[in-house]
Amino acid sequence: MQRLKIEGGRKLSGEICVHGAKNAALPLLAACVLAKGETVLHNCPKLSDSYAALRILSCLGCRCKREGDTAIVNTDALAGFDVPDDLMREMRSSIVFLGAILGRCGRCKLSFPGGCELGPRPIDLHIKALRKLGAVIKEEYGLLDCEVPSGLRGSRISLSFPSVGATENIILAASTAKGETVIENAAREPEIADLAGFLNKCGARIKGAGTSRIVIAGVDELFGCEYNVMPDRIVACTYMSAAAVTGSELNIKKVNYHDLTSVIPVFEEMGCTVFPFSDNIYISAKKRLSAVKNVRTMPYPGFPTDAQAILMPPLCTAQGTSVIVENIFESRYRHIDELCRMGARIKTEGRVAVIEGVKTLYGANVMATDLRGGAALVLAGMGAQGETIVSNVKYIDRGYESIETDLTKVGASIVRI
Ligand code: UD1
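Treat the numbers as computed from the prediction; the structure is a model and nothing was measured. (Residues numbered from 1 in each chain as written. Predicted model: local features only at pLDDT ≥ 70, side-chain atom pairs only at ≥ 80, totals over all residues. Heavy atoms only, no water.)

(A) Main features of the site of the ligand. Residues in contact with the ligand amount to 19 residues; listed here are only the nearest, Asp124, Leu125, Ser163, Asp306 and Ile328. Take Leu125: an N or O atom from its main chain is 2.8 Å from an oxygen atom of the ligand. A distance of 2.6 Å is found between an oxygen atom of the ligand and a side-chain nitrogen or oxygen belonging to Ser163. Considered on its own, the ligand offers 740 Å² of accessible surface; in the complex 82% of this is hidden by protein. Of all elements in the fold, only helix H5 (124-132) and helix H6 (164-175) reach the threshold of two or more residues within the shell around the ligand. Split into classes, the residues belonging to the shell around the ligand amount to eight nonpolar, six polar and five charged. Of the residues that make up the shell around the ligand, three or more belong to each of domain 1 (4-19 + 231-416) and domain 2 (22-228). (Near = heavy atom within 4 Å. Polar contact = N/O pair within 3.5 Å; in protein donor to acceptor, adjacent residues only side chain to side chain. Areas by Shrake-Rupley, 256 points an atom, 1.4 Å probe, with all protein chains shown as cover. Helix = DSSP H or I, 4+ residues; strand = E, 2+ residues; numbered from the N terminus. Nonpolar A, V, L, I, M, F, W, Y, C, P; charged D, E, K, R; others polar. Domains from an automatic or database assignment.)

Laid out in structure tokens, this is it:
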């Protein structure tokens, strides 16, 4: 088992680059299934989850290659419609392959993605919507057996919650369906707009992505194209937090600050100076930050649930008491027990976490229990006195190409052991 050893208390300075977004790359890789011929995805992050998506594509018969930051997928020999159980388990967001495979093959068999480290992750909204588009879906023994006996047909779908994955699955299935699909209360995350941008470049006719009403006019077929994956806004947020927790200055490059409009004011409220310009964010943090009154995670454009854990380390040592409310996932506070081992004073009640700022955190042996919670422990270790060992690094590797390499380049002391 790999671990990260962090020597706390190091100041950071310099430039740090953000890689392509995991949550955009995964649906884009799934979308490749719909596109005939070859698709070239640049800025595709080298993460365990994107390798799992490429393995799914290979299992379906696609020819896949990686050349540095570029992934190349050719679907000419696509033959299968089954996603193996082990790959479904490895990456729960693989459910987004369902809409794409149904759109291209008219059949799809995959296992239920099941529960996960953030609590139960139902897919009822995905299934209900795909049924509305004409899919017949049998659910038995944890397996989903889906077909479209009379083809996929456009429909009007109103989501009871703006689920990111469900919106993506509907867009994928509707792109080559007969007629028009309208999604009301669609998720507005920038990754949805990135998916629609890619599909439109392949020949789809999608309007309104990034707003809560998306209109998709089905086309007969799609063809591969060349596309750049958007920057990872959560990785950008992680590096902002790294500057904040160490009282440092960083210039974060290759980032789209428009995607961080709900995050930047929170760092400013803590007392950081944030200066976005072009595709950079400059952040400078004073030695002791201030608590924040109330941060609520919400669907985009609200404060992202993926940044909730990442925000916590600087708040642990801020002056005063901060309150965070997690509104998206039921069980997304598993990093808190680990932060408390390092001396943090955090109490939770249901969805509310109350963080009483302490003077300092102390290095400890802690365990990552999920991706962003794991990243939060690395950040806490960087701000703590002494040595921190974070185990279960495999979770962190799902979302960061090499967190220790990036942060070490700007002055942190982190080694993989
Ligand atoms: C995506 C992101 C994840 C992020 C989340 C919310 C990817 C690969 N993952 O996950 O990093 O934290 O958006 O921004 O893009 N729900 C249902 N029924 C459904 C679907 C969802 O009840 O059919 C609930 C979920 O349990 C959860 C909430 O809706 O409580 C949000 O889920 P959703 O927006 O679908 O998130 P994901 O697409 O799974």
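Don't stop here, the text continues.
(B) Focus on the nonpolar core. In terms of nonpolar packing, the biggest core is built from 77 residues, with Leu29, Ile171, Phe198 and Leu199 touching the most fellow members. Residue contributions to this core peak at seven residues, all from helix H1 (residues 22-31). Ignoring anything within four residues of it in the chain, the contact list for Leu199 reads Ala31, Leu34, Ile171, Leu172, Ser175, Ala204, Ile206 and Leu222. One finds Leu12, Val358, Leu379 and Val410 within the second-largest nonpolar core, a separate group that totals 70 residues. (Core = buried A, V, L, I, M, F, W, Y, C linked by side-chain atoms within 4.5 Å. Buried < 20%, exposed > 50% of the residue type's maximum accessible area, 1.4 Å probe, protein only. Contact = heavy atoms within 4.5 Å.)

(C) Quick peek at the pairing of strand E20 (residues 321-325). Across two bridges, strand E19 (residues 295-296) lies against E20 in parallel orientation. When the sheet's bridge partners are listed, Arg296 is paired in E20 with Val325. In this fold, E19 hands off to helix H10 (residues 308-316), which returns the chain to E20; that crossover is right-handed. (Pairing = 2+ DSSP bridges. Right-handed = clockwise from strand over helix to strand, strands pointing away.)

(D) Focus on the pattern of salt bridges. In the structure shown here, the tally under the stated rule is 18 salt bridges. A salt bridge links Arg55 to Glu90, with the nearest nitrogen and oxygen atoms 2.5 Å apart. In this pair, Arg55 is assigned in helix H2 (residues 48-59) and Glu90 in helix H3 (residues 85-90), connecting sequence segments 35 residues apart. The exposure class assigned to Glu90 is partly exposed, which follows from its relative accessible area of 38%. Here Lys65 ties to Glu67 by a salt bridge, and the two come within 3.6 Å at their closest N and O atoms. (Salt bridge = Lys/Arg side-chain N within 4 Å of Asp/Glu carboxyl O.)

(E) Here's a closer look at the sheet that holds strand E15 (residues 226-228). Ordered by their spatial adjacency, four strands build an open sheet running E5-E6-E4-E15, and the pairing between neighbours is mixed. Both edges of this open sheet fall to strand E5 (63-67) and E15, since each of them pairs with a single strand only. Averaged over all pairs of adjacent strands, the angle between their axes in this sheet comes to 15°, without regard to strand direction. Note: E5 against strand E6 (residues 70-74), five bridges, orientation antiparallel. Paired with Arg63 across the bridge in E6 is Asn74. Contacts between helix H7 (residues 190-201) and the sheet are confined to strand E4 (38-42) and E15, with E15 contributing the most and set at about 165° to the helix. (Axes fitted to C-alpha atoms, helices over the stretch in contact; angles between N-to-C directions.)

(F) Up close: the environment of Ile127. Inspection of the secondary structure puts Ile127 in helix H5. With a relative accessible area of 5%, Ile127 lands in the buried category. Distance in space between the C-alpha atoms of Ile127 and Asn169 is 9.3 Å, their sequence separation being 42 residues. Apart from residues lying up to four places away in sequence, Ile127 is in contact with Ile137, Glu139 and Leu144.

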